[in-house]
Each structure stands twice: as C-alpha cells, then as structure tokens.
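# A look at the structure
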Amino acid sequence: MSIDPTLLDDLEWRGLVAHSTDRDALRAALAEGSVRYYVGFDPTAPSLHMGNLLQIVTAMRLQRAGHTPFVLVGGSTGMIGDPRDSGERTLNTLETVAEWVERIRRQVEPFLSFEGQNAATMVNNLDWTAGVSAIDFLRDIGKHFPVNRMLARDVVRNRLEDGISYTEFSYILLQSMDYLHLHREHGVSLQLGGSDQWGNITGGVELVRRADGERVHAFVTPLVTRADGTKYGKTEGGALWLDPEMLSPYAFYQFWLNVEDEKVGELLRLFTFLDRARIEELEAAHAEKPFLRAGQKALAEEMTTLVHGADETARIQAASAALFGGGDMGELSPDTLGAALRETGVLRVESAGGLPSVVDLLVETGLAKSRGDARRTVGEGGAYLNNVRVEDPDRVPGADDLLGGTWLVLRKGKKSFKGVEVV
RNA sequence: GGCAGAUUGCCCGAGCGGCCAAUGGGAGCGGACUGUAAAUCCGUCGGCUUUUGCCUUCGAAGGUUCGAAUCCUUCAUCUGCCA
C-alpha cells in the first residue's frame, strides 16, 4: 500500500491536530512508510460516543493513508478509570468492564479494515497487565515517573483539594505501559487520542524514551465544544451514543442536523470524509443561505451513513421530510407515515375500550416524564396531535383523528415526535 | 486517635423551629421571534390530583416539639487543624 504524503497537511487543515510531539519528526515518520499507530478506548460505558467518534474517524484517515492501526480496548485501564475533574469515579465491577470491553470492541471493528497490508489489529491491555506483579510494575514502570511531575498535571492538581485516590493517580502509569508494550511487541510508534488524554499520552512517549531510549510520536485531536464553549454531545438525557439501542439513529441524525451555524464548517472538517473542495463549497453555500442548512444536512447525512448505514439514513431523511414538512399530515400515505413514525419510536395501543387521553399518551410515549409534566406541556401550548395544538389535556382522540385509520402523530414542542399505532 | 466544619432538589448554592416543595443561578422543558440554528424575551421546572387538597423530599437512623431542612443523639462520608 502506498503512503499518502498529504496526510498530515490534511489533518492540520481539518483542525485535527490540537497538540503533537515534534511535528517535523512526526511528518518525517509519516512520510517514511506505514506507521504503526494506536488509539485506545476505555470501557467506561456500554457504548462509544461522539468524542470517541472523532478518534475513530481520525484513525480511519490514517489507515486510508496507508498506516497501520492498532485499536486498544482498555480491559485493564477501564478497571481503574482515569482521573477527571468532576471527582473520583466509582469502580465498575469486573463483569461490567468485561462486558463493555466486548461491546466496544464490536462497535469499533466495522470502521477499520482488518485485511490487506496495513490491516488493523485489535488488542486488549488486560492481556499484558493482568500478569504483571506489583513489584515488577513499581520497579520497571514506576521508577520512570517522578511524582513531582505527576502532581503538576492539571487534572491531578485540580483534584488535590477534593481528593484523589492512589488508584486514579496511578492511571497514567498503566496507559504509558500500554504504549511501551505496543512499541516493544508491535513496533507501534504513534499514539493518537483526545486532547484530554494528552497528559497520559505524553506519559507513554516519555516512558518509551526513558525505558528504551526510543523516540515515538503522538498527537491529539481537539475537544469539540459548542459555540458557547460548553461541552458537546449532550442530547436529551444523555451523550451522543453510537449504539442504536442507546440513541436511535433518528435522534443521532437530528443531532447533527441541529448543529449551530457557527460550528458546521468545523464539524464537517473534523468528522466527515468530504474533501476540501466540497467542504468549502458547502461553507460558501451555507454562508449565503444559512436557513437552507446545506452544511448541517450534509453533515447529518455523512455521519449517519458512516455510523448507521446508507439505508437507515435514507429512511431517516424520508421520515424527517414527512414529519417536518409542515403540511397536512392527512396528505401523507399511511405507509409513508408509518415508516416515518417508526424511525421516531412508536407506541401501540389497543382501540378496544377506548383510547387514552392526550395526557396519558404523552406519558406512555415517553414524551412527558409524568402526568404533571404532560399537563404542564399542554398548558404551555406545547402538545400537538397530528400537528394541531391540543388545548384540552383530557382530550381523547376519536376515530376521525386516526390517520390512515391507524396512526396518531403526537408531538411535544417543535421537534419531538412519537407515533401511536392503534390496533 | 483528638478538635472544628461540612453533607440541601439534575448541578452549583441560599435557608438555620412554623409564612418551606424549600430564595437565586445553571442545565432541562414549553412558548414568542426564526431556519427543526444561535442570541434574546416570557413561562415552567418532586409526585398524584387539579387545586386555596394530599403524598414524598433537604447524607442515614432515631429523638425533642402542637410543628424540624432548621434543635438533640448515634452512624456514614468529606474537608481542615492537632496528634
């Protein structure tokens, strides 16, 4: 496989390199041949999310440019947990970690190629840490870590006031040991990650230098934030999960479609595989007619296709067009409507014995979290049945409300839809 | 081990015997304006009812009192100071 010499320029243009070890050295290494690189994911949840996705697409770019990926799933590091500002983590049980390791491994696999000259390799750091004795660990790894330097790290310093356990304090040693191991066993010489990992990653770079006298490379992608600087990736109730069980593909698509104008160009560059010309074209179109949201549409389509596939994306686009078309719901064919609603989630109710009231339906579909909340929503004018505002919370839909004889379209606010299928 | 202080709703933080479901800010939710954007403004923001009603909440368990988030006891956790 030939090496793409423009890789680093492209990464930098996209804004994917927030920090790196010596750029000239990195550039030289990437030009020389297929670099073996690694990116790690800790099983801190049953699914990866938007932040991890940035590492995934970056890893994909490197592989497409001819370099050789090693994907590390943190079977051991996930048992420890890296320190974060919000405070000490609660340790997950070993069974939980093991299960999440497996789920994440399966989740990452489709994004990389495991065939060809630069085939990807999946590794689990539990394989080389489980058997290390405490004495060996302290002598071989710990000796290379000056505590004064460890204390100076931002995460640690921020935690000194509130307290940090020795467990989390030691996390950097484990992750650094991974780099050393992969370097020794597989010739890995580049690590990438998120910018919050920079400290842990440089720890590994230094360990390789101190232990083996070898120079290895690293770079990290930026932290993606909203236009106002706050954390991204939060949708209703949770993170932007990649697992369709945890976040429906429809909601995933809607997230990207609703990205702020100011962030569209940045996100297109960071996350999509669209080329520079195409992205600049979209940015120009967006600048001229922002209300058409050409950038958001492209972004949502690219990301949803990447994560959930082209077929699912097409269905979601059709559903979005139907639901947000603003027209009379009765104009839609029952098939189209049913297909659209199935993307948003459907509640099936029996018609025998009469239908539930609008308040009950709001609760049962999950649009409202309690009956009080549902009543409040109706009172605030935020409840709609078949795109018509509902005034009376106790209103009970009748037979003539059923679209195509079976469907009710329940909406809360501007963009939360649920279908009700009456059988 | 001793002394002192802390623990409040999703988060941060007031309250320090009744007027407390509990001030304020943030997040969330709804409305208006728009473009299924941002900003702004308004409303809302424990549960059940739908109302000048009831229930469950202020680290946990007991107690004092007509009445406690507010006082007392014990326990747990955290922080600081002294050993």
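Per-chain numbering applies: the sequence of each chain, read as written, is numbered from 1 onward. Each chain takes a letter, starting from A, and each ligand takes a number, starting from 1, following the order in which they are written. Selection of residues for local features in this predicted model requires a pLDDT of at least 70, selection of side-chain atom pairs for listing and counting requires 80 or more, and totals for whole chains, interfaces and linings are taken over all residues. Just so you know, side-chain values use all the structure's heavy atoms and leave hydrogens and water out.

Let us look at the domain arrangement of chain A. Often, the extent of an interface is quoted as the loss of accessible area on bringing the components together. Each domain's extent is set by a domain assignment, obtained either automatically or from a database. On domain assignment, one finds that chain A holds domain 1 (7–223), domain 2 (238–308) and domain 3 (333–422). Put simply, the middle of domain 2 and the middle of domain 3, counted by C-alpha atoms, are 29 Å apart.

Further remarks concern the packing of aromatic side chains. Whether two aromatic rings pair depends on their centres lying within 6.5 Å, for rings of Phe, Tyr and Trp, where Trp uses its six-membered ring; planes under 30 degrees apart make the pair stacked, over 60 edge-to-face, and the rest tilted. With the rule as written, the count across this model stands at 5 aromatic pairs. Between phenylalanine 252 and tryptophan 256, the aromatic rings sit 6.0 Å apart at their centres with planes inclined by 65°, giving edge-to-face as the arrangement. Taken together, the residues span about one helical turn, with phenylalanine 252 and tryptophan 256 both in helix α13 (residues 249–257) at a distance of 4 residues. Taken as a pair, phenylalanine 252 and tryptophan 256 share a single burial class, namely buried. Through pairs of rings, three or more aromatic residues link up here, namely Phe252, Phe255, Trp256 and Phe271. The ring of phenylalanine 273 has arginine 61 sitting right over it, with the charged end atom 4.7 Å from the ring centre. The rule is short: NZ of Lys or CZ of Arg within 6 Å of the ring centre and within 35 degrees of the ring normal puts a charge over the ring. In this structure, arginine 64 packs its charged tip against the face of phenylalanine 273, placed 4.1 Å from the ring centre. Numbered from the N terminus, helices here are DSSP runs of H or I no shorter than four residues, and strands are runs of E no shorter than two. Residue exposure (1.4 Å probe, protein chains only): buried if accessible area is under 20% of the type maximum, exposed if over 50%, otherwise partly exposed.

Scored from 0 to 100, pLDDT records how confident the predictor is in each individual residue. Of the residues in chain A, 95% reach a pLDDT of 70 or more, and the chain-wide mean stands at 88. Note on residues 233–237: pLDDT is under 50 here. Beyond four places in sequence and across chains, it has 9 contacts. We call two residues in contact whenever any of their non-hydrogen atoms come within 4.5 Å of each other.

Another aspect to go through is the UniProt feature "binding site: L-tyrosine" (unreviewed entry) in chain A. Sites flagged by UniProt as "binding site: L-tyrosine" (unreviewed entry) map to Tyr38, Tyr171 and Gln175. Locating tyrosine 38 in the fold gives a position in strand β2 (residues 36–41). The contact partners of tyrosine 38, leaving out residues within four places of it in the chain, are Phe70, Leu72, Gln175, Asp178, Tyr179, Leu182, Val188, Leu190, Gln191 and Leu192. Excluding anything up to four places from it in sequence, glutamine 175 contacts Tyr38, Thr77, Gln191, Gln197, Asn200 and Ile201. UniProt positions are given in the numbering used here, feature names are shortened, and annotations may be inferred rather than shown by experiment.

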